[in-house]
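Single-letter residue listing:
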Amino acid sequence: MSHSRFIVSDSNGETKFVVTGKYNDAIQKMAISSPQGEVLIKIRMLISKVLSTFIIRSDDEHFTIIGGRRVSPDFSIFGINWKICASADFRTFEVFDADGSLLMTQKSDTCSSKGYYTLDIFTQRRELLCLAVAICIDVYNFADSVVAATI
């Protein structure tokens, strides 16, 4: 069964992407689609008590994020030279490219009880891949929440 997990809107409230998911006991599958239903990115998640593995695929790229289950999130990325950094309170995450440039910032909205967060993506060319990383971080931290995001 496929469920809507996220609705991604621009700053004007217009829907940019829809994220749907299919679940079973061992593997979750998600897809980032256009509002017209065209699948743009696929995410496969294997979540356990020790590690969470996220495999992200587009038509021309794929990479893997592994998140360790410790007191604080510990992410490793394979297949793309990015680094994920978390703030001390784990409400803000930043993604950096190999050259140190900031690609994305993901911030929780502490004023809202609805589970909103804001993504600032600084590279249009990597927008979908940054969105996929943000979704993986959210699933890692809040696996049972339905979230609306504004980018």
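Preceding block: the structure.
In this report, the structure presented in the accompanying data block is examined.

### What to know about the environment of A134
- For A134, the location among the structural elements is in helix α1 (residues 127-141).
- Using a relative accessible area of 0% as the deciding quantity, one classes A134 as buried.
- With 15 residues separating them along the chain, A134 and L119 place their C-alpha atoms 7.8 Å apart.
- Apart from the residues lying within four places of it in its own chain, the contact partners of A134 are M104, Q106, Y117 and L119.

### Some thoughts on the packing of aromatic side chains
- For the structure on display, the rule yields two aromatic pairs.
- Pairing F63 with W82 gives two aromatic rings, centres 5.8 Å apart and planes at 55 degrees, and the pair type is tilted. With F63 in strand β6 (residues 62-68) and W82 in the loop between β7 (74-78) and β8 (83-86), the pair connects residues that are 19 residues apart, well separated along the chain. Taken as a pair, F63 and W82 share a single burial class, namely buried.
- With centroids separated by 6.2 Å and ring planes inclined at 75 degrees, the aromatic side chains of F75 and F93 adopt a geometry described as edge-to-face. Of the two residues, F75 sits in strand β7 while F93 sits in strand β9 (residues 92-96), which places them 18 residues apart along the sequence. There is no split in this pair, since F75 and F93 are both buried.

### Side note on the pattern of salt bridges
- Per the stated rule, a full pass over the model turns up two salt bridges.
- K16 is the partner of E127 in a salt bridge, and the nearest nitrogen-oxygen pair spans 2.7 Å. Residue E127 is found in helix α1, and its partner K16 is found in strand β2 (residues 15-23); the two are separated by 111 residues along the sequence.
- Residue K16 is classed as partly exposed on the basis of its relative accessible area, which comes to 26%.
- Between R126 and E61 there is a salt bridge, with the nearest N and O atoms lying 2.4 Å from each other. Note that R126 is positioned in the loop between β11 (117-121) and α1 and E61 in the loop between β5 (51-57) and β6, a separation of 65 residues in sequence.
- Relative accessible area serves as the criterion here: at 26%, E61 is assigned to the partly exposed category.

Definitions and limits used
- Residues numbered from 1 in each chain as written.
- Predicted model: local features only at pLDDT ≥ 70, side-chain atom pairs only at ≥ 80, totals over all residues.
- Heavy atoms only, no water.
- Helix = DSSP H or I, 4+ residues; strand = E, 2+ residues; numbered from the N terminus.
- Buried < 20%, exposed > 50% of the residue type's maximum accessible area, 1.4 Å probe, protein only.
- Contact = heavy atoms within 4.5 Å.
- Phe/Tyr/Trp six-rings, centres within 6.5 Å; stacked < 30°, edge-to-face > 60°.
- Salt bridge = Lys/Arg side-chain N within 4 Å of Asp/Glu carboxyl O.

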